[in-house]
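Architecture and fold: a report
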Amino acid sequence: MIRSALLLAAAGVALSGCIVDTHVVQAPPVQAAPAGGVPAGMQYLYGSGEAAALSAQAYAALVDHVRARMAKDDPRGSGPRTSVVLAPGATLASPRFQSCGDKPAAAVFDVDETLLLNLGYESYDAEHGGAYDAARWDRWEKTGAMKVAAVPGALDAVRALRAMGVTVIFNTNRAAANAEQTEAALTFAGLGPARHGETLFLKGDVDGKSGKDGRRDAIAQRWCVVAMGGDQLGDFTDLFAGLIPPERRMAAASPVIGSMWGRGWFVLPNPVYGTGLGSTYDQTFPSATRWTDPQEKH
Ligand SMILES: [Mg+2]
């Protein structure tokens with residue numbers, strides 16, 4: 001009981017600094033760092049071979065998928081070509097995808113913790129803790145371009161996609177006012193070029209919103225999107241916004257949406273912040289699955 005209350009309180013703290021929907025850019029870590037230590041999520045994402053392997057695995061699968069598709073996908077051919085961007089009016093229960101016509105191929109990626117690891121910002125966060133600070137994040141966007149690293153596997157993937165003639169497009173909720181610095185961060189990490197309004201779409205671009213569907217639609221007007229990569233479900237569609245964690249989890253693994261993972265939609269790990277965090281004890285552990293140690297004294 002006390003444990004549940006503590007976990008719920010911890011979840012409450014985690015939720016207090018962010019909006020748990022697709023609009024989130026950053027959120028505070030759930031776990032407090034031990035003295036002089038690093039929160040477990042950061043150890044995993046930034047410090048572990050396991051996370052590096054997961055990321056490399058996602059990018060290898062993405063490149064293989066796009067390569068196979070490009071081999072049979074002829075923009076001048078007569079066969080129908082379908083985007084991996086959902087069409088307006090689509091729902092999670094009944095998804096429909098945009099048609100491509102003869103548009104050239106592109107792959108669309110989120111930036112933070114998808115292509116770029118924000119090591120500088122998170123190192124400060126690990127040391128100082130506290131709630132997510134939007135003003136500090138803005139200062140990070142402005143000054144942190146040389147304190148980032150490419151996600152494992154991302155460099156090879158971006159190079160391979162470009163070599164196949166697939167345009168790499170960045171769709172991020174970084175601020176439009178910091179476009180130049182974000183272009184510089186991507187270039188520094190070896191992932192560029194990125195050009196705002198051309199291959200770089202930032203928060204508020206197109207429709208003034210932080211949800212990414214408007215930008216995805218605009219991209220899909222010009223390009224045939226053959227793959228998308230992200231670390232939050234909002235990097236694929238805004239339809240998950242507003243759902244509680246168990247609903248999001250069920251929808252993500254539903255037959256039709258679930259069939260997209262690894263087949264056009266590719267997810268990168270992020271146990272540090274964002275919409276994947278924030279489920280309560282009850283939402284995380286269904287009551288039928290809970291266990292009590294038989295040795296526990298009553
Ligand atoms: Mg991200």
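Residues numbered from 1 in each chain as written. Predicted model: local features only at pLDDT ≥ 70, side-chain atom pairs only at ≥ 80, totals over all residues. Heavy atoms only, no water.

**A look at the pairing of strand 7 (residues 200-203)**
Inspection of the sheet shows strand 6 (residues 167-175) paired to strand 7 by 3 bridges, in the parallel sense. Across the sheet, asparagine 171 pairs through a bridge with phenylalanine 201, a residue of strand 7. (Pairing = 2+ DSSP bridges. Helix = DSSP H or I, 4+ residues; strand = E, 2+ residues; numbered from the N terminus.)

**A few points about the coordination of the magnesium ion**
Surrounding the magnesium ion are the protein donor atoms Asp110 (OD), Asp112 (O) and Asp231 (OD), at 2.1 to 2.2 Å. Donor residues binding the magnesium ion come from one chain and are separated in sequence as D-x1-D-x118-D. What makes aspartate 110 buried here is its relative accessible area of 7%. Owing to a relative accessible area of 5%, aspartate 112 belongs among the buried residues under this scheme. (Donors = N, O, S within 2.8 Å, 3.2 Å for Na, K, Ca; no water. Buried < 20%, exposed > 50% of the residue type's maximum accessible area, 1.4 Å probe, protein only.)

**Topic: the side chain of threonine 182**
Among the structural elements, threonine 182 can be located in helix 7 (residues 179-188). The residues touching threonine 182, leaving out its near neighbours within four places in the chain, are Arg174, Leu200 and Leu202. (Contact = heavy atoms within 4.5 Å.)

**Some details on the state of the cysteines**
Taken as a whole, this structure holds 1 disulfide when the rule is applied. Disulfide partner of cysteine 100: cysteine 224, at an S-S distance of 2.1 Å. Taking the torsion about the sulfur-sulfur bond, which here is approximately 75°, the covalent link between cysteine 100 and cysteine 224 counts as right-handed. Of the two residues, cysteine 100 sits in the loop between strand 2 (97-99) and strand 3 (105-109) while cysteine 224 sits in strand 8 (residues 224-230), which places them 124 residues apart along the sequence. The buried category is assigned to cysteine 224, whose relative accessible area is 0%. (Disulfide = S-S within 2.5 Å.)

**Looking at helix 5 (residues 134-143)**
When helix 5 is considered as a whole, its buried residues turn out to be Arg136, Trp137, Trp140 and Glu141. Buried residues of helix 5, seen end-on, are gathered within an arc of 145° and therefore sit on one face of the element. Residues of helix 5 that are buried sit in contact with helix 4 (119-128), strand 6 and helix 7. Taking the backbone nitrogen of alanine 135 as reference, a side-chain oxygen 2.9 Å away marks aspartate 133 as the first, capping residue of helix 5. (Arc of directions from axis to C-beta. Polar contact = N/O pair within 3.5 Å; in protein donor to acceptor, adjacent residues only side chain to side chain.)

**Some thoughts on the sheet that holds strand 7**
Spatial ordering of the open sheet is given by 7-6-3-8-9, a layout of 5 strands whose pairing is parallel. Here the strands that pair on one side only, and so sit at the sheet edges, are strand 7 and strand 9 (265-267). The average undirected angle you get between the axes of adjacent strands in this sheet is 20°. (Axes fitted to C-alpha atoms, helices over the stretch in contact; angles between N-to-C directions.)

**A few points about the packing of aromatic side chains**
Within the structure shown, the criterion is met by 8 aromatic pairs. Both rings, one in tyrosine 59 and one in phenylalanine 109, keep their centres 6.1 Å apart while their planes meet at 40°; by these two values the pair is tilted. Of this pair, tyrosine 59 sits in helix 3 (residues 49-72) while phenylalanine 109 is found in strand 3, placing the two residues 50 residues apart along the sequence. The class for tyrosine 59 is buried, based on a relative accessible area of 2%. (Phe/Tyr/Trp six-rings, centres within 6.5 Å; stacked < 30°, edge-to-face > 60°.)

**Let's talk about the environment of alanine 87**
By the secondary structure assignment, alanine 87 is in the loop between strand 1 (82-86) and strand 2. In this structure alanine 87 comes out as buried when scored by relative accessible area, which is 13%. Put simply, alanine 87 and arginine 216 are 129 residues apart on the chain and 9.9 Å apart in space, counted from C-alpha to C-alpha. With sequence-adjacent residues up to four places away left out, alanine 87 is seen in contact with Arg96, Phe97 and Gln98.

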